[in-house]
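Chains, contacts and geometry: an overview
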Amino acid sequence: MGMLSLLSNEKDAHIGVSDENLERGNWSNKGDYLLSMVGYAVGLGNVWRFPYLTYQNGGGAFLIPYTLMLALAGLPLFFMECSLGQFASLGPISIWRILPLFQGVGITMVIISTFVAIYYNVIIAYALYYLFASFQKVLPWSDCFSWADELCSKTRLVSDCNATFDGQTIHANYSFITSNNLTCINGTVNYKPVQFPSEQYWNKVALQRSSGLDETGNIVWYLALCLLLSWLIVGAALFKGIKSSGKVVYFTALFPYVILLILLVRGATLEGALDGIEYYIGRQSNITKLMEAEVWKDAATQIFYSLSVAWGGLVALSSYNKFHNNCYSDAILVCVTNCVTSVFAGFAIFSILGHMAFVSERPVSEVVDSGFDLAFVAYPEALSKLPVSPLWSFLFFFMLLLLGLDSQFATIETLTTTIQDIYPQVMKKLRLPITLGVCILLFLLGLICVSQAGIYWVNLIDHFCAGWGILIAAVLEIMGIVYIYGGNRFIEDIEMMIGKKSPWFWMWWRMCWFFVTPVLLMAILVWSLVTFSPPTYGSVVYPAWGTAVGWCMIIFCVIWIPIVAIVKVVKAEGNLCQRIVSCCRPTANWGPYLECHRGERYSHVVDPKKEKEHEIPTVRPEV
């Protein structure tokens, strides 16, 4: 029987003969895991959101709250989730055997990851479209071609100004000024409301953007094909689970650094590059900005979302580690790499934007924008002004593609890991069709995001789902583990994996887990709710029903937390107090996945391979 079992496992591409866990499989080596984690954490936000936030919040001064928030909020949560997944070798839903009352938190994480996977691949599709559009001698957004309207211009156009005429100061339109060989008085010039070619190309050609969420329009066929291609790439990379994705990330996680370095070297040699760097993190740094609460909130949220904590992905990826892997050093390495990448990307981005400001004779502040405008308007505009511009454009969008893909790999792996934990035998036999089925379903759901109103849907999902739901899940996760399961008990679990540590080693982590991190997360959550503003895209205001849909999405994500808690309490035995207490104890099958790792502390654990979770009583026997 043992030989038959081994042969069966060898047929499953997800399992290797050298794996410690022959039921779920393990990473082939440490490099696969670390690069997958780096790829998951380092994403599109590192390239477009962090540089903009740094400028907006005081330049170099912003690095002070950013570093503090990394140490006080990001790293403690990151280490906790990595340890949790590795200890029990379970995904984000099944891991809540540790605290059955809170299993809805895991469901919330998975649902939010699903929503994010839908729109994140649409952004990858945008990058693919621009990548293909770069294969032309002249970049299609480099000038005002046939698709442009009268507002399109590569330079600022003067509308009117004040000038001295016959000894008097007059105000006249620019055509009168030039026809009479007059000169505008400094500070009195008004410019026409023109748009760069790249801005009109983004809206009129790439997106075929409609007037608002009310006007859905048609599906943009070439974006739909790019979306299909992006899902095919994701499916192909994951067809063997971590055994295949772990190899793909050697390219998708490392090559963006090569491109960033190339772009930085090229940008640094351009005229005006220094102005861009100074604008980003130089002499314009404003230390007084640290007195504003908004700066600290931005630093905390950027760290929080950049490290991808509370999305379920860290638990899922870590669950394939071998039991005695040093998850502590892994957490430090990945977090530091993520933050250094953000800072490094800022230099590459702003050196070229500084050149763009120099060429167009505009201040850097007028060519910098956040989010989509930085990635698909300002930066492409700057690249179009460089010699051999198609090459630089190709490199930039290829980098965006790779940054997006490896984050997407981990997100989909989160979903398939969840399915594997619930239906392990089915997943073992049908991993490929299930993975492809997930990709096809999410592709179909994402078609609304490649309609003419698609960008409004992408922005709406991002505004709601990637916000409070994650914060709520994170607050409940850390408070449940630290205050109900027991922080000291969790530390003992970690020491079973990485070895006994001194009390001094744990002092920082205890301070963060027990007090600092929960307080910070609650402050961010409350602040976000208090300062809530309805979503907008540029100057386009969403209709009331659009905001209502956003709230419905976030309610759908978090409603499972109370629903599952109520179901667990109802199914428990005893009076109400006894039921709640029993649901706040780990299930009888909580502990290390393999019997050889359970030791005396978990010697009572029921073998999860022999007993289904729903058949196990929620009251854990006393040891």
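Please refer to the structure placed before this passage.
These figures come from a predicted structure and were not determined experimentally.

Conventions adopted
- Throughout this description, residue numbers start from 1 for each chain and increase along the sequence as written.
- Under the rules for a predicted model, residues below a pLDDT of 70 receive no local features and side-chain atom pairs below 80 are neither given nor counted, while totals for whole chains, interfaces and linings still include all residues.
- Think of the side-chain values as coming from all heavy atoms in the structure, minus any hydrogens and water.
- In these notes, a set of buried Ala, Val, Leu, Ile, Met, Phe, Trp, Tyr and Cys residues joined through side-chain atoms within 4.5 Å is what counts as a nonpolar core.
- To sort residues, take the accessible area from a 1.4 Å probe on protein chains only and compare it with the maximum for the residue type: under 20% means buried, over 50% means exposed, and anything in between is partly exposed.
- Secondary structure elements follow DSSP: runs of H or I of four or more residues count as helices, runs of E of two or more count as strands, with numbering from the N terminus.
- By the convention used here, residues are in contact when the closest approach between their heavy atoms is within 4.5 Å.
- Pairs of strands are assigned from DSSP output, requiring at least two bridges between the strands.
- In this analysis, axes come from line fits to C-alpha atoms, helices being fitted only over the stretch in contact, and the angle between any two N-to-C directions falls in the range 0 to 180 degrees.
- Note on angle classes: values under 35 degrees are labelled roughly parallel, values over 145 roughly antiparallel, values of 65 to 115 roughly perpendicular, and the remainder oblique.
- With the far helix as reference, a near helix turned anticlockwise by less than a right angle produces a left-handed crossing, and one turned clockwise produces a right-handed crossing.
- Polar here means any residue other than Ala, Val, Leu, Ile, Met, Phe, Trp, Tyr, Cys and Pro, which are nonpolar, and Asp, Glu, Lys and Arg, which are charged; Gly is therefore polar.

**Observations regarding the nonpolar core**
Core analysis: the largest hydrophobic core is formed by 201 residues, its most contacted members being Phe78, Tyr126, Trp202, Phe372, Phe376, Phe396 and Trp513. Take this core: its biggest share by element is 22 residues, from helix α5 (residues 103-133). When neighbours within four sequence positions are excluded, phenylalanine 376 is seen to be in contact with Trp48, Ile123, Tyr126, Ala127, Tyr130, Ser198, Trp202, Phe397 and Leu400. In terms of nonpolar packing, the next biggest core, distinct from the first, is built from 6 residues, Ala163, Ala172, Ile177 and Leu182 among them.

**Points about the pairing of strand β1 (residues 158-165)**
Alignment of β1 against strand β3 (residues 190-191), held across 2 bridges, turns out to be antiparallel. Within β3, the position partnered with aspartate 160 by the bridge is asparagine 190. Taken together, the 6 bridges between β1 and strand β2 (residues 168-173) define a ladder with antiparallel strand orientation. The partner of threonine 164 across the bridge, within β2, is threonine 169. Linking β1 back to β2 in an antiparallel pair, the connection comprises 2 residues, with aspartate 166 at a positive phi of about 55°.

**Looking at the sheet that holds β1**
Strand order in the open sheet made by the 3 strands is β2-β1-β3, with antiparallel pairing throughout. Both edges of this open sheet fall to β2 and β3, since each of them pairs with a single strand only.

**Points about unusual backbone geometry**
Even without glycine at this site, alanine 310 takes up a positive phi of about 70°. Counting through the fold element by element, alanine 310 comes out in the loop between α12 (293-306) and α13 (313-318). Judged by relative accessible area, alanine 310 falls into the buried class, the value being 0%. You will see that valine 388, though not glycine, has its phi angle at about 55°, which is positive. Along the chain, the position of valine 388 falls in the loop between α15 (371-383) and α16 (389-422). Owing to a relative accessible area of 57%, valine 388 belongs among the exposed residues under this scheme.

**Some words on the packing of α5 against helix α8 (residues 221-237)**
Contact geometry of α5 with α8 gives a least axis separation of 8 Å together with a crossing angle of 110°. In terms of their interaxial angle, α5 and α8 are classed as roughly perpendicular. Crossing hand, α5 versus α8: right-handed. Here Ala117, Asn121, Val122, Ile124, Ala125, Tyr126, Leu128, Tyr129 and Phe132 of α5 lie close against α8, whose contacting residues are Tyr222, Leu223, Cys226, Leu227, Leu229, Ser230, Trp231 and Val234. In the contact of α5 with α8, the residues fall into 15 nonpolar, 2 polar and no charged.

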